[in-house]
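The chain contents come next:
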Amino acid sequence: MSTSGPRRRAELFVDEERDDRLDAPTTGDERAVLAGFLRAQRRTLELKCSGLESELARRSVAPSTLSLLGLVRHLADVERRWFRHVLAGQEAPRLFSSTAHPDGDFDGAVADPAVIAAAWEAWRAEVAFADAFVAAAPGLDVAGDDGWRGRVSLRWVLIHMIEEYARHNGHADLLRERIDGAIGV
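Residues numbered from 1 in each chain as written. Predicted model: local features only at pLDDT ≥ 70, side-chain atom pairs only at ≥ 80, totals over all residues. Heavy atoms only, no water.

Visitor: Before we move on, could you go through the pairing of strand E1 (residues 143-146) and cite the residues and values that matter?
Guide: Residue alternation in E1 divides its side chains into a buried set, Gly 144 and Asp 146, and an unburied set, Ala 143 and Asp 145. Summarising the sheet, E1 and strand E2 (residues 150-153) pair through four bridges and their orientation is antiparallel. Among the inter-strand pairings, Gly 144 is bridged to a residue of E2, identified as Val 152. If you look at the hairpin formed by E1 and E2, you'll find three residues sitting between the two strands. (Buried < 20%, exposed > 50% of the residue type's maximum accessible area, 1.4 Å probe, protein only. Helix = DSSP H or I, 4+ residues; strand = E, 2+ residues; numbered from the N terminus. Pairing = 2+ DSSP bridges.)

Okay, structure coming up:
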């Protein structure tokens, strides 16, 4: 790592030799490839948040309420919506936002250890449910009804979730760099 001048993207804050986020299959079974890409995106979010405590709630730039903790809370709700509610057909109200307070996932992301712990617990529970659902599904054409998109397949949800995480991991890059200068992929 250079000791002077601007930091470069090539100066990763991860150990490249131990970074196995991108170990998803590159050929073969479609479910394994899609699940592998989603797993890599989820692990990237965890990486962007690693080593931080109360800093997770730090806002980016006023007037934005965007924060790493807000992203964790938001993605817990997104996982819950698509896998539990839409595909599994469960009654699964949002955890951190509501119709009355649609930005609750970000607005409620405060530097309180209990709030931080609850966000991670919820996110991990939703990821575990989603992973189990994907593994148990008889195929990628399993579908559910969504009030916004209509009929959606598991294949579509997996692709959408990869896109959702990829977009928000871009936000996480900028947030993390603003917090402590850490950069990387």
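Visitor: Tell me about the pattern of salt bridges, and name the residues and values.
Guide: Pairs may arise between side chains of opposite charge once their charged atoms sit close together. Taken as a whole, this structure holds 13 salt bridges when the rule is applied. Between Arg 42 and Asp 131 there is a salt bridge, with its nearest N and O atoms 2.5 Å apart. Of this pair, Arg 42 sits in helix H1 (residues 30-49) while Asp 131 sits in helix H4 (residues 113-136); the two residues are 89 residues apart in sequence, bridging distant segments of the chain. Classification of Arg 42 as buried rests on a relative accessible area of 4%. Residue Asp 141 is joined to Arg 155 by a salt bridge in which the shortest nitrogen-to-oxygen separation is 2.6 Å. Of this pair, Asp 141 sits in the loop between H4 and E1 while Arg 155 is found in helix H5 (residues 154-180), placing the two residues 14 residues apart along the sequence. (Salt bridge = Lys/Arg side-chain N within 4 Å of Asp/Glu carboxyl O.)

Visitor: Describe the side chain of His 74, listing the residues and the values that go with them.
Guide: One can find His 74 in helix H2 (residues 68-87). One polar contact links His 74 to Asp 105, side chain to side chain, over a distance of 2.9 Å. If we ignore the near neighbours within four places in the chain, the residues touching His 74 are Asp 105, Phe 106, Glu 164 and His 168. (Polar contact = N/O pair within 3.5 Å; in protein donor to acceptor, adjacent residues only side chain to side chain. Contact = heavy atoms within 4.5 Å.)

Visitor: How would you explain the packing of aromatic side chains if you had to name every residue and give the values?
Guide: The tally for this structure, following the rule as stated, stands at four aromatic pairs. Aromatic pair Trp 120 and Trp 123: ring centres 5.5 Å apart, planes at 85°, arrangement edge-to-face. With Trp 120 and Trp 123 both in helix H4 and three residues apart, the pair spans about one turn of that helix. Of the two residues examined, Trp 120 and Trp 123, each falls in the buried class. A cation sits over an aromatic face here: Arg 149 above Trp 148, 5.3 Å from the ring centre. (Phe/Tyr/Trp six-rings, centres within 6.5 Å; stacked < 30°, edge-to-face > 60°. Lys NZ or Arg CZ within 6 Å of the ring centre and 35° of its normal.)

Visitor: So what's going on with the environment of Pro 93? Which residues, and what values?
Guide: Within the secondary structure, Pro 93 sits in the loop between H2 and helix H3 (104-107). For Pro 93, a relative accessible area of 57% gives the class exposed. Linking Pro 93 and Arg 80, residues 13 residues apart in sequence, is a C-alpha distance of 8.3 Å.

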